[in-house]
Amino acid sequence: MRVRNAIGAGMIVAVLAASGWFVAVSPSRTVTLREEARSLPSAAACAWEQPWTNPSYLMSGWSQPETWWHKPGIKVLWSNAREPQVLFHLAPDLQNKSVDVGIKYPAVNALVEVFVNGQRAGTLDRNAHGNHEAHEFHYRLPGTRADDTIDIRFRIRDPSLLINDGRYLGVLLEAVKACPG
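Since we're looking at a predicted model, the values are computed, not measured.

Draft legend 1. Structural view of the sheet that holds strand S4 (residues 99–105). Strand order across the open sheet formed by three strands is S8-S4-S13, with antiparallel pairing between neighbours. At either end of the open sheet lies a strand with only one pairing partner, and these are strand S8 (135–141) and strand S13 (175–180). The sheet shows a mean angle of 20° between the axes of neighbouring strands, direction not considered. Taken together, the six bridges between S4 and S13 define a ladder with antiparallel strand orientation. Of the residues in S13, the one forming a bridge with lysine 104 is alanine 175.

Structure, rendered in structure tokens:
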């Protein structure tokens, strides 16, 4: 009986060790998304872009484009997760420089903190209530590296859960851009 117990305990330890090794060496979702964004074409400099219409952008945690309440011809996205992201590869003329990252958003439904490349950039203005006029948020990223990406992450505190479709409504996104800082 002792031999079987020892073998069983040894197998459990081996499985836990192997699992821990795989967790330790596997790349995080953020690292994977940043690597994927580096392979995309560069985003245009200083142009407000709707990221879901442009193949230069990679997005995670957003709804489908909606037009039912907003200005004609302008589509928007509601956040669909607690930490939605927008990633894009910098245009060559913005690499190795400071960059002003801009976000247009017509509404927020919760406290939304913004992080740019892991640095806390601030919070979105809670006075944005969907009055069809987009608010703008700007953050000056002090410096970038060559071949770098911009990773905009929205951390939504206590989002409203929309019962009929399960979305975490926090921020309504209209467009993003990056310009020389």
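Back to the text.
Draft legend 2. Focus on unusual backbone geometry. The backbone phi angle of cysteine 46 is positive, close to 60°, even though this residue is not glycine. Position of cysteine 46 among the secondary structure elements: in the loop between helix H2 (29–38) and strand S1 (57–60). In this model, asparagine 117 sits at a positive phi of 50°, which is unusual for a non-glycine residue. The residue asparagine 117 is located in the loop between strand S6 (111–116) and strand S7 (119–123) in this model.

Draft legend 3. Broad picture of the side chain of glutamine 50. Inspection of the secondary structure puts glutamine 50 in the loop between H2 and S1. A distance of 2.6 Å separates a polar side-chain atom of glutamine 50 from the backbone oxygen of lysine 75. When sequence neighbours within four positions are dropped, the list of residues in contact with glutamine 50 reads Ile74, Lys75, Glu174 and Ala175.

Draft legend 4. Quick peek at the sheet that holds S7. The strand order across the open sheet formed by five strands is S1-S3-S9-S6-S7, and the pairing between neighbours is antiparallel. Two strands lie at the open edges of the sheet, namely S1 and S7, each paired on one side alone. Neighbour-to-neighbour, the strand axes of this sheet turn through a mean angle of 20°, independent of strand direction. Relative to strand S9 (residues 149–157), strand S3 (residues 85–89) is paired through five bridges, and the arrangement is antiparallel.

Draft legend 5. Representation of the packing of aromatic side chains. Summed over the entire model, instances satisfying the criterion amount to two aromatic pairs. With a centroid separation of 5.0 Å and 50° between ring planes, the pair formed by tyrosine 57 and phenylalanine 88 is classed as tilted. Taken together, the residues tyrosine 57 in strand S1 and phenylalanine 88 in strand S3 connect sequence positions 31 residues apart. Residue class for tyrosine 57 comes out buried when judged on its relative accessible area of 7%. Its relative accessible area of 2% is what places phenylalanine 88 among the buried residues.

Draft legend 6. Looking closely at the pattern of salt bridges. Throughout the structure, instances matching the rule amount to five salt bridges. Glutamate 83 serves as the salt-bridge partner of arginine 155, at 3.0 Å between the closest nitrogen and oxygen. Here the residue arginine 155 occupies a position in strand S9, and glutamate 83 occupies one in the loop between strand S2 (77–78) and S3, the gap between them amounting to 72 residues. Look at arginine 155 and you get partly exposed, because its relative accessible area is 25%. On the accessibility criterion, glutamate 83 (33% relative accessible area) is partly exposed. For arginine 153, the salt bridge identified is with aspartate 151, shortest N-O distance 4.0 Å. We note that arginine 153, like aspartate 151, is buried. Taken together, the shared-partner salt bridges connect Glu83, Asp151, Arg153 and Arg155 into one network.

Draft legend 7. Geometry of the nonpolar core. In terms of nonpolar packing, the biggest core is built from 30 residues, with Val86, Phe88, Ile103, Val114, Leu124, Ile152 and Phe154 touching the most fellow members. Where this core is concerned, the elements lending two or more residues are S3, S4, S6, S8, S9, strand S12 (171–173) and S13. Once you skip the residues sitting within four places of it in the chain, valine 86 turns out to touch Pro51, Tyr57, Leu58, Met59, Trp62, Ile150, Asp151, Ile152, Phe154, Leu173 and Val176.

Definitions and limits used
- Residues numbered from 1 in each chain as written.
- Predicted model: local features only at pLDDT ≥ 70, side-chain atom pairs only at ≥ 80, totals over all residues.
- Heavy atoms only, no water.
- Pairing = 2+ DSSP bridges.
- Helix = DSSP H or I, 4+ residues; strand = E, 2+ residues; numbered from the N terminus.
- Axes fitted to C-alpha atoms, helices over the stretch in contact; angles between N-to-C directions.
- Polar contact = N/O pair within 3.5 Å; in protein donor to acceptor, adjacent residues only side chain to side chain.
- Contact = heavy atoms within 4.5 Å.
- Phe/Tyr/Trp six-rings, centres within 6.5 Å; stacked < 30°, edge-to-face > 60°.
- Buried < 20%, exposed > 50% of the residue type's maximum accessible area, 1.4 Å probe, protein only.
- Salt bridge = Lys/Arg side-chain N within 4 Å of Asp/Glu carboxyl O.
- Core = buried A, V, L, I, M, F, W, Y, C linked by side-chain atoms within 4.5 Å.

Everything listed is a geometric property; what it means functionally is a separate question.
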